[in-house]
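Listed here are the chains, written in short residue letters.
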Amino acid sequence: MSKLSVTKRGDFVKMCIWRGDASGGSFVDYKIPVSETQTVLDAVTWVQRNVEPGLSYRFACRVGMCGSCAMMVNGRPRWTCRTHVSKVIKNNQIRLEPLRNLPVIKDLVCDLSDFFAKWLKANGRFVPTATREHPVKKISPLSRQRQAANAAIECINCAVCYAACDAVEQYPNYLGPAALNRAWTLVNDVRDDGKRERLRAITADGGCQCCHSQHGCASHCPNELNPARSIAGLKQVAVTAIFKGEV
Amino acid sequence: MPGLRLYLAQRISAMVMTPLVLTHLGVMIYAIRGGLGTTEILSRTQGSLLWGSLYGLFVITVSIHAAIGLRVIAYEWFKLSGLLLNLFAILVGLGLLALGGQAVYTVVLA
Ligand code: SF4
Ligand code: SF4
Ligand code: FES
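Along each chain, residue indices are assigned from 1 in the same order as the chain's sequence is written. Each chain is given a letter, starting from A, and each ligand a number, starting from 1, according to the order in which they appear as written. Per-residue local features of the predicted model are confined to residues with pLDDT of at least 70, and side-chain atom pairs are confined, for both listing and counting, to 80 or more; whole-chain, interface and lining totals are unaffected and use all residues. To obtain the side-chain values, all non-hydrogen atoms of the structure were used and water was disregarded.

## Observations concerning the pairing of strand 3 (residues 70-73) of chain A
Residues and elements named next belong to chain A. Burial along strand 3 is two-sided: the face carrying A70 and M72 and the face carrying M71 and V73 are both buried. Whether two strands pair depends on DSSP finding at least two bridges between them. Think of it this way: any DSSP run of H or I at least four residues long counts as a helix, any run of E at least two long counts as a strand, and we number them from the N terminus. Pairing geometry for strand 3 and strand 5 (residues 93-97), over 2 bridges, is antiparallel. Within strand 5, the position partnered with V73 by the bridge is L96. To sort residues, take the accessible area from a 1.4 Å probe on protein chains only and compare it with the maximum for the residue type: under 20% means buried, over 50% means exposed, and anything in between is partly exposed.

## Brief notes about the site of ligand 2
A single heavy atom is enough: if one lies within 4 Å of a molecule or strand, its residue is considered near that molecule or strand. Taken together, the residues surrounding ligand 2 are C155, I156, N157, C158, A159, V160, C161, A178, C221, P222, L225 and P227 of chain A. Only Asp, Glu, Lys and Arg are considered charged in this grouping, and only Ala, Val, Leu, Ile, Met, Phe, Trp, Tyr, Cys and Pro are considered nonpolar; every other residue, Gly among them, is considered polar. The residue inventory of the shell around ligand 2, partitioned by class, reads 11 nonpolar, 1 polar and no charged.

## Concerning the interface of chain A and chain B
Across the boundary between the two partners, chain A contributes 16 residues, which contact 12 residues of chain B. Both sides together, the interface formed by chain A and chain B hides about 1,300 Å², and carbon and sulfur atoms give 66% of it. Whenever Lys or Arg places a side-chain nitrogen within 4 Å of a carboxyl oxygen from Asp or Glu, that contact is recorded as a salt bridge. Between chain A and chain B we count 0 salt bridges in total. Within 3.5 Å is the distance limit for a polar contact, defined as a pair of N or O atoms, with the added protein rule that one can donate a hydrogen and the other accept it, and that residues adjacent in sequence qualify only through two side-chain atoms. Counting across the chain A and chain B interface gives 4 residue pairs in polar contact (both at pLDDT 80 or more). Ranked by residues supplied to the side of chain A that touches chain B, first place goes to helix 10 (residues 227-243) of chain A with 5 residues. Residue composition of the side of chain A that touches chain B, grouped by class: 8 nonpolar, 6 polar and 2 charged. Two residues form a contact once any of their heavy atoms are found within 4.5 Å. Two parts placed together each lose some accessible area under a 1.4 Å probe, and the buried area is that loss summed for both.

## With respect to the domain arrangement of chain A
Residue and element names in this part refer to chain A. These domain boundaries are the output of an automatic or database domain assignment. Each domain of chain A was delimited in the assignment, giving domain 1 (2-110) and domain 2 (113-243). Look at where the C-alpha atoms of domain 1 and domain 2 centre, and you get two points 30 Å apart. Residue-level contacts link 14 residues of domain 1 with 16 residues of domain 2. The contact between domain 1 and domain 2 buries some 1,200 Å² in all, and 59% of this surface belongs to carbon and sulfur atoms. Where domain 1 packs against domain 2, one counts 2 salt bridges. The partner of E169 in a salt bridge is R100, and the shortest N-O contact between them spans 2.9 Å. Counting the contacts that link domain 1 with domain 2 gives 6 residue pairs in polar contact (both at pLDDT 80 or more). Residue assignment for the side of domain 1 that touches domain 2 shows that the elements contributing at least two residues are strand 3 and strand 4 (76-79). No other element matches the 4 residues that strand 4 contributes to the side of domain 1 that touches domain 2.

## Considerations on the pattern of salt bridges
Residue and element names in this part refer to chain A. For the structure shown, the criterion picks out 11 salt bridges over all chains. We note a salt bridge from R146 to D189, for which the minimum N-O separation is 3.9 Å. A residue pair is termed long-range when its members are at least 10 positions apart, and R146 in helix 4 (residues 144-152) and D189 in the loop between helix 7 (177-187) and helix 8 (195-203) qualify at 43 residues. In this structure R146 comes out as buried when scored by relative accessible area, which is 16%. Residue D189 is classed as buried on the basis of its relative accessible area, which comes to 5%.

## So, the packing of helix 3 (residues 113-121) of chain A against helix 7 of chain A
Residues and elements named next belong to chain A. Whenever a helix is involved, its axis is fitted only over the stretch in contact; in every case the axis is a line through C-alpha atoms, and angles between N-to-C directions fall within 0 to 180 degrees. Contact geometry for helix 3 and helix 7: axes closest at 8 Å, N-to-C directions at 25°. By the angle between their directions, the pair helix 3 and helix 7 is classed as roughly parallel. The interaxial crossing formed by helix 3 with helix 7 has right-handed handedness. Along its contact with helix 3, which presents F115, K118 and W119, the element helix 7 presents A178, A179 and R182. The residue makeup of the contact of helix 3 with helix 7, split by class, is 4 nonpolar, no polar and 2 charged. Roughly parallel refers to an angle under 35 degrees, roughly antiparallel to one over 145, roughly perpendicular to one between 65 and 115, and oblique to any angle outside these ranges. Rotating anticlockwise by less than a right angle from the far helix to the near helix defines a left-handed crossing, while the corresponding clockwise rotation defines a right-handed one.

So this is what it looks like as C-alpha coordinates:
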(Lines give C-alpha, C1' and ligand atoms only; values in the text may rest on other atoms or scores of the structure.)
(Ligands and ions follow the chains in the order given, each with its own letter.)
Protein backbone atom coordinates (compact mmCIF):
# COMPACT_ATOMS: atom_id res chain seq x y z
CA MET A 1 0.00 0.00 0.00
CA SER A 2 1.51 3.31 -1.01
CA LYS A 3 0.10 6.33 0.69
CA LEU A 4 1.66 9.75 0.66
CA SER A 5 3.93 9.05 -2.31
CA VAL A 6 1.08 9.32 -4.80
CA THR A 7 0.16 12.83 -3.78
CA LYS A 8 3.31 14.19 -5.37
CA ARG A 9 2.74 16.22 -8.48
CA GLY A 10 3.61 14.23 -11.59
CA ASP A 11 2.51 10.88 -10.17
CA PHE A 12 -0.30 8.87 -11.64
CA VAL A 13 -2.93 6.74 -10.05
CA LYS A 14 -5.14 4.07 -11.61
CA MET A 15 -8.85 4.63 -11.22
CA CYS A 16 -11.22 1.76 -11.98
CA ILE A 17 -14.60 3.32 -12.52
CA TRP A 18 -17.77 1.31 -12.89
CA ARG A 19 -19.42 2.21 -16.20
CA GLY A 20 -22.85 1.00 -17.15
CA ASP A 21 -26.52 1.32 -16.36
CA ALA A 22 -29.40 -0.64 -14.84
CA SER A 23 -28.91 -3.45 -17.34
CA GLY A 24 -25.30 -4.04 -16.27
CA GLY A 25 -21.80 -2.73 -16.70
CA SER A 26 -18.13 -3.24 -15.96
CA PHE A 27 -15.06 -1.47 -14.66
CA VAL A 28 -13.03 0.77 -16.94
CA ASP A 29 -9.51 1.84 -15.99
CA TYR A 30 -8.31 5.43 -16.19
CA LYS A 31 -4.88 6.83 -15.48
CA ILE A 32 -5.12 10.04 -13.52
CA PRO A 33 -2.41 12.57 -12.71
CA VAL A 34 -2.46 13.24 -8.99
CA SER A 35 -1.81 16.41 -7.13
CA GLU A 36 -1.60 17.21 -3.48
CA THR A 37 -4.91 17.62 -1.64
CA GLN A 38 -6.78 16.17 -4.62
CA THR A 39 -10.11 14.65 -3.67
CA VAL A 40 -11.72 11.59 -5.22
CA LEU A 41 -14.36 13.90 -6.69
CA ASP A 42 -11.59 16.03 -8.26
CA ALA A 43 -10.20 12.89 -9.85
CA VAL A 44 -13.60 11.87 -11.26
CA THR A 45 -14.06 15.39 -12.61
CA TRP A 46 -10.63 15.16 -14.24
CA VAL A 47 -11.71 11.99 -16.04
CA GLN A 48 -14.90 13.59 -17.27
CA ARG A 49 -13.18 16.77 -18.47
CA ASN A 50 -10.18 15.10 -20.09
CA VAL A 51 -10.97 11.55 -21.09
CA GLU A 52 -14.58 10.54 -20.90
CA PRO A 53 -17.12 13.37 -21.33
CA GLY A 54 -19.95 10.83 -21.12
CA LEU A 55 -19.07 9.79 -17.55
CA SER A 56 -22.03 10.40 -15.24
CA TYR A 57 -21.65 11.28 -11.59
CA ARG A 58 -23.31 13.60 -9.14
CA PHE A 59 -22.10 16.49 -7.04
CA ALA A 60 -23.11 20.03 -6.13
CA CYS A 61 -21.43 21.82 -3.26
CA ARG A 62 -17.98 20.19 -3.21
CA VAL A 63 -17.61 21.12 0.45
CA GLY A 64 -19.46 18.34 2.27
CA MET A 65 -22.81 20.04 2.65
CA CYS A 66 -25.19 18.88 -0.06
CA GLY A 67 -24.73 15.11 0.31
CA SER A 68 -24.90 14.39 -3.41
CA CYS A 69 -21.41 13.07 -4.20
CA ALA A 70 -21.42 9.79 -2.29
CA MET A 71 -20.00 6.69 -4.04
CA MET A 72 -18.40 3.41 -3.12
CA VAL A 73 -14.68 4.07 -2.90
CA ASN A 74 -12.62 0.89 -2.70
CA GLY A 75 -15.71 -0.89 -1.43
CA ARG A 76 -16.74 1.63 1.20
CA PRO A 77 -19.36 4.35 0.91
CA ARG A 78 -17.82 7.82 1.21
CA TRP A 79 -18.50 11.47 0.42
CA THR A 80 -16.05 11.89 -2.42
CA CYS A 81 -15.70 15.68 -2.23
CA ARG A 82 -14.18 15.39 1.24
CA THR A 83 -12.18 12.23 0.67
CA HIS A 84 -8.57 12.75 -0.31
CA VAL A 85 -7.13 10.41 -2.89
CA SER A 86 -4.08 9.99 -0.68
CA LYS A 87 -6.25 8.75 2.17
CA VAL A 88 -8.04 5.96 0.35
CA ILE A 89 -5.61 4.78 -2.30
CA LYS A 90 -4.67 1.09 -2.14
CA ASN A 91 -1.91 -0.43 -4.27
CA ASN A 92 -1.81 2.80 -6.25
CA GLN A 93 -5.39 2.37 -7.37
CA ILE A 94 -8.91 3.41 -6.50
CA ARG A 95 -12.06 1.52 -7.38
CA LEU A 96 -15.23 3.58 -7.75
CA GLU A 97 -18.76 2.22 -7.88
CA PRO A 98 -22.25 3.63 -7.49
CA LEU A 99 -23.65 3.49 -3.95
CA ARG A 100 -24.68 0.07 -2.69
CA ASN A 101 -28.32 -0.78 -1.92
CA LEU A 102 -29.67 1.66 -4.51
CA PRO A 103 -30.64 1.08 -8.14
CA VAL A 104 -28.13 2.42 -10.66
CA ILE A 105 -29.19 4.96 -13.26
CA LYS A 106 -25.90 5.35 -15.07
CA ASP A 107 -22.22 5.00 -14.15
CA LEU A 108 -21.80 6.47 -10.66
CA VAL A 109 -25.31 7.87 -10.42
CA CYS A 110 -27.94 6.04 -8.36
CA ASP A 111 -31.64 6.49 -8.10
CA LEU A 112 -32.31 7.86 -4.61
CA SER A 113 -36.12 7.83 -4.91
CA ASP A 114 -36.49 4.89 -2.51
CA PHE A 115 -34.12 6.46 -0.03
CA PHE A 116 -36.13 9.67 0.12
CA ALA A 117 -39.49 7.91 -0.04
CA LYS A 118 -38.48 6.14 3.16
CA TRP A 119 -37.88 9.48 4.89
CA LEU A 120 -41.51 10.31 4.18
CA LYS A 121 -42.62 6.82 5.14
CA ALA A 122 -40.85 7.21 8.50
CA ASN A 123 -42.84 10.42 8.91
CA GLY A 124 -39.63 12.38 8.83
CA ARG A 125 -41.56 15.57 8.26
CA PHE A 126 -41.95 18.16 11.00
CA VAL A 127 -45.61 18.58 11.93
CA PRO A 128 -46.00 21.99 13.56
CA THR A 129 -48.09 22.51 16.68
CA ALA A 130 -48.08 26.28 16.33
CA THR A 131 -48.50 28.90 13.58
CA ARG A 132 -46.67 32.13 12.94
CA GLU A 133 -49.27 33.87 15.11
CA HIS A 134 -48.10 31.98 18.18
CA PRO A 135 -45.19 33.15 20.30
CA VAL A 136 -41.94 31.29 19.69
CA LYS A 137 -41.66 28.36 22.05
CA LYS A 138 -38.67 28.47 24.36
CA ILE A 139 -36.69 25.25 24.41
CA SER A 140 -33.70 24.85 26.65
CA PRO A 141 -30.71 23.61 24.67
CA LEU A 142 -29.76 21.74 27.83
CA SER A 143 -32.93 19.67 27.98
CA ARG A 144 -32.38 15.95 27.54
CA GLN A 145 -34.69 15.75 24.56
CA ARG A 146 -33.14 18.69 22.75
CA GLN A 147 -29.68 17.28 23.28
CA ALA A 148 -30.76 13.94 21.83
CA ALA A 149 -32.23 15.71 18.80
CA ASN A 150 -29.16 17.92 18.35
CA ALA A 151 -26.84 14.92 18.39
CA ALA A 152 -28.61 13.50 15.36
CA ILE A 153 -29.68 16.61 13.46
CA GLU A 154 -26.70 17.39 11.21
CA CYS A 155 -27.60 14.88 8.51
CA ILE A 156 -26.89 15.87 4.90
CA ASN A 157 -28.97 13.05 3.33
CA CYS A 158 -25.94 11.59 1.61
CA ALA A 159 -27.14 7.97 1.85
CA VAL A 160 -23.69 6.78 2.89
CA CYS A 161 -25.19 5.05 5.94
CA TYR A 162 -27.92 3.53 3.77
CA ALA A 163 -25.28 2.06 1.48
CA ALA A 164 -23.33 0.75 4.47
CA CYS A 165 -26.32 -0.96 6.07
CA ASP A 166 -26.63 -4.74 5.78
CA ALA A 167 -30.20 -4.67 7.08
CA VAL A 168 -31.19 -2.48 4.12
CA GLU A 169 -29.65 -5.08 1.85
CA GLN A 170 -31.54 -7.92 3.53
CA TYR A 171 -34.89 -6.21 4.04
CA PRO A 172 -35.86 -4.08 1.06
CA ASN A 173 -38.68 -2.55 3.15
CA TYR A 174 -36.39 -1.46 5.95
CA LEU A 175 -36.59 2.30 6.41
CA GLY A 176 -32.85 2.48 6.96
CA PRO A 177 -30.52 4.43 9.24
CA ALA A 178 -30.97 7.91 7.79
CA ALA A 179 -34.77 7.98 7.79
CA LEU A 180 -34.92 6.49 11.30
CA ASN A 181 -32.26 8.89 12.53
CA ARG A 182 -34.43 11.72 11.23
CA ALA A 183 -37.49 10.22 12.92
CA TRP A 184 -35.54 10.16 16.20
CA THR A 185 -34.83 13.90 16.00
CA LEU A 186 -38.57 14.52 15.65
CA VAL A 187 -39.51 12.07 18.41
CA ASN A 188 -37.40 14.36 20.59
CA ASP A 189 -38.81 17.59 19.23
CA VAL A 190 -41.38 18.89 21.72
CA ARG A 191 -42.87 21.22 19.10
CA ASP A 192 -43.78 18.36 16.79
CA ASP A 193 -47.28 16.98 16.46
CA GLY A 194 -46.65 13.91 14.31
CA LYS A 195 -45.66 11.52 17.08
CA ARG A 196 -48.57 9.10 16.80
CA GLU A 197 -48.20 8.44 13.07
CA ARG A 198 -44.42 8.34 13.44
CA LEU A 199 -44.69 5.70 16.14
CA ARG A 200 -46.82 3.64 13.80
CA ALA A 201 -44.33 4.11 10.97
CA ILE A 202 -41.24 3.16 12.94
CA THR A 203 -42.87 0.05 14.41
CA ALA A 204 -44.53 -1.22 11.23
CA ASP A 205 -43.06 -3.72 8.79
CA GLY A 206 -39.53 -2.51 8.00
CA GLY A 207 -39.35 -0.42 11.18
CA CYS A 208 -36.63 0.05 13.76
CA GLN A 209 -36.72 -3.61 14.86
CA CYS A 210 -34.95 -4.64 11.62
CA CYS A 211 -31.72 -2.95 12.77
CA HIS A 212 -28.98 -5.37 13.85
CA SER A 213 -27.20 -2.71 15.92
CA GLN A 214 -23.84 -3.45 14.33
CA HIS A 215 -23.08 0.23 13.70
CA GLY A 216 -22.13 0.01 10.02
CA CYS A 217 -24.01 3.29 9.61
CA ALA A 218 -22.22 5.03 12.45
CA SER A 219 -18.78 3.94 11.33
CA HIS A 220 -19.33 5.34 7.82
CA CYS A 221 -21.37 8.49 8.40
CA PRO A 222 -19.15 11.33 7.16
CA ASN A 223 -20.72 13.71 9.63
CA GLU A 224 -19.93 11.40 12.49
CA LEU A 225 -23.54 10.93 13.40
CA ASN A 226 -24.62 7.73 15.06
CA PRO A 227 -27.88 6.53 13.49
CA ALA A 228 -27.53 3.21 15.35
CA ARG A 229 -27.79 5.08 18.64
CA SER A 230 -30.84 6.97 17.39
CA ILE A 231 -32.42 3.67 16.36
CA ALA A 232 -31.67 2.21 19.79
CA GLY A 233 -33.63 5.17 21.19
CA LEU A 234 -36.50 4.43 18.81
CA LYS A 235 -36.50 0.78 19.90
CA GLN A 236 -36.94 1.90 23.49
CA VAL A 237 -39.81 4.15 22.49
CA ALA A 238 -41.36 1.30 20.48
CA VAL A 239 -41.08 -1.21 23.31
CA THR A 240 -42.58 1.26 25.80
CA ALA A 241 -45.43 1.83 23.36
CA ILE A 242 -46.15 -1.90 23.14
CA PHE A 243 -46.45 -2.14 26.90
CA LYS A 244 -48.75 0.88 26.95
CA GLY A 245 -50.83 -0.75 24.21
CA GLU A 246 -50.19 2.12 21.81
CA VAL A 247 -49.04 -0.03 18.90
CA MET B 1 -38.77 -9.60 8.30
CA PRO B 2 -38.84 -9.43 12.09
CA GLY B 3 -41.96 -7.83 13.51
CA LEU B 4 -41.83 -5.66 16.61
CA ARG B 5 -43.42 -8.32 18.80
CA LEU B 6 -40.93 -10.98 17.79
CA TYR B 7 -38.18 -8.46 18.46
CA LEU B 8 -39.59 -7.87 21.92
CA ALA B 9 -40.03 -11.59 22.61
CA GLN B 10 -36.42 -12.18 21.69
CA ARG B 11 -35.16 -9.40 23.96
CA ILE B 12 -37.27 -10.54 26.90
CA SER B 13 -36.25 -14.19 26.46
CA ALA B 14 -32.61 -13.05 26.38
CA MET B 15 -33.12 -11.12 29.60
CA VAL B 16 -34.64 -14.12 31.33
CA MET B 17 -32.01 -16.47 29.92
CA THR B 18 -28.98 -14.50 31.07
CA PRO B 19 -29.19 -15.35 34.81
CA LEU B 20 -30.30 -18.88 33.95
CA VAL B 21 -27.26 -19.47 31.76
CA LEU B 22 -24.99 -18.15 34.51
CA THR B 23 -26.72 -20.34 37.11
CA HIS B 24 -26.41 -23.34 34.82
CA LEU B 25 -22.69 -22.74 34.29
CA GLY B 26 -22.20 -22.25 38.04
CA VAL B 27 -24.04 -25.48 38.79
CA MET B 28 -22.01 -27.39 36.18
CA ILE B 29 -18.71 -26.18 37.59
CA TYR B 30 -19.84 -26.89 41.14
CA ALA B 31 -21.08 -30.39 40.27
CA ILE B 32 -17.95 -31.39 38.39
CA ARG B 33 -15.37 -29.86 40.71
CA GLY B 34 -17.24 -31.25 43.69
CA GLY B 35 -16.91 -34.66 42.02
CA LEU B 36 -20.64 -35.35 41.99
CA GLY B 37 -21.64 -38.43 40.01
CA THR B 38 -24.85 -39.10 38.10
CA THR B 39 -26.63 -40.71 41.00
CA GLU B 40 -25.77 -37.89 43.39
CA ILE B 41 -26.89 -35.26 40.90
CA LEU B 42 -30.13 -37.09 40.18
CA SER B 43 -30.79 -37.58 43.88
CA ARG B 44 -30.75 -33.79 44.25
CA THR B 45 -32.81 -32.97 41.19
CA GLN B 46 -35.47 -35.70 41.36
CA GLY B 47 -38.76 -34.27 42.47
CA SER B 48 -37.22 -30.85 43.07
CA LEU B 49 -39.63 -28.03 42.29
CA LEU B 50 -36.74 -25.54 42.24
CA TRP B 51 -34.62 -27.36 39.66
CA GLY B 52 -37.68 -28.37 37.69
CA SER B 53 -38.96 -24.82 37.32
CA LEU B 54 -35.50 -23.34 36.79
CA TYR B 55 -34.62 -25.69 33.94
CA GLY B 56 -38.21 -25.70 32.68
CA LEU B 57 -38.05 -21.92 32.31
CA PHE B 58 -34.61 -22.25 30.72
CA VAL B 59 -35.93 -24.64 28.08
CA ILE B 60 -38.91 -22.41 27.28
CA THR B 61 -36.83 -19.26 26.88
CA VAL B 62 -34.17 -21.04 24.81
CA SER B 63 -36.86 -22.40 22.49
CA ILE B 64 -38.36 -18.95 21.96
CA HIS B 65 -35.03 -17.18 21.62
CA ALA B 66 -33.41 -19.67 19.28
CA ALA B 67 -36.50 -20.03 17.10
CA ILE B 68 -36.68 -16.26 16.52
CA GLY B 69 -32.93 -16.00 15.94
CA LEU B 70 -32.90 -18.86 13.45
CA ARG B 71 -35.94 -17.37 11.75
CA VAL B 72 -33.90 -14.23 11.03
CA ILE B 73 -31.02 -16.31 9.69
CA ALA B 74 -33.35 -18.43 7.56
CA TYR B 75 -34.87 -15.27 6.10
CA GLU B 76 -31.58 -13.51 5.45
CA TRP B 77 -29.45 -16.39 4.25
CA PHE B 78 -31.82 -18.97 2.86
CA LYS B 79 -34.46 -16.56 1.59
CA LEU B 80 -37.31 -18.38 3.31
CA SER B 81 -40.34 -16.17 3.69
CA GLY B 82 -44.04 -16.09 4.46
CA LEU B 83 -45.71 -19.24 5.69
CA LEU B 84 -42.62 -21.39 5.13
CA LEU B 85 -40.52 -19.09 7.29
CA ASN B 86 -43.01 -19.12 10.15
CA LEU B 87 -43.46 -22.86 9.87
CA PHE B 88 -39.70 -23.30 10.08
CA ALA B 89 -39.48 -21.11 13.19
CA ILE B 90 -42.40 -22.87 14.88
CA LEU B 91 -40.88 -26.29 14.16
CA VAL B 92 -37.51 -25.19 15.55
CA GLY B 93 -39.23 -23.82 18.66
CA LEU B 94 -41.34 -26.92 19.20
CA GLY B 95 -38.37 -29.21 18.50
CA LEU B 96 -36.23 -27.49 21.10
CA LEU B 97 -39.12 -27.47 23.53
CA ALA B 98 -39.60 -31.23 23.06
CA LEU B 99 -35.91 -32.04 23.41
CA GLY B 100 -35.40 -29.78 26.40
CA GLY B 101 -38.70 -30.81 27.97
CA GLN B 102 -37.69 -34.44 27.73
CA ALA B 103 -34.35 -33.69 29.41
CA VAL B 104 -35.99 -31.79 32.25
CA TYR B 105 -38.54 -34.56 32.64
CA THR B 106 -35.80 -37.16 32.87
CA VAL B 107 -33.73 -35.26 35.39
CA VAL B 108 -36.56 -34.06 37.60
CA LEU B 109 -39.56 -36.36 37.28
CA ALA B 110 -38.68 -39.73 35.80
S1 SF4 C 1 -26.71 -0.40 13.08
FE2 SF4 C 1 -28.73 -0.79 12.16
S3 SF4 C 1 -29.10 0.92 10.78
FE4 SF4 C 1 -26.91 0.96 11.31
S5 SF4 C 1 -25.94 -0.17 9.63
FE6 SF4 C 1 -26.36 -1.66 11.25
S7 SF4 C 1 -28.41 -2.51 10.78
FE8 SF4 C 1 -28.13 -0.66 9.54
S1 SF4 D 1 -26.85 9.94 8.83
FE2 SF4 D 1 -24.80 10.46 8.09
S3 SF4 D 1 -24.38 8.97 6.50
FE4 SF4 D 1 -26.58 8.89 6.86
S5 SF4 D 1 -27.45 10.28 5.35
FE6 SF4 D 1 -27.12 11.47 7.21
S7 SF4 D 1 -25.10 12.39 6.99
FE8 SF4 D 1 -25.25 10.77 5.47
S1 FES E 1 -20.54 17.58 -3.36
FE2 FES E 1 -21.82 18.24 -1.76
S3 FES E 1 -21.31 16.86 -0.15
FE4 FES E 1 -19.92 16.31 -1.71
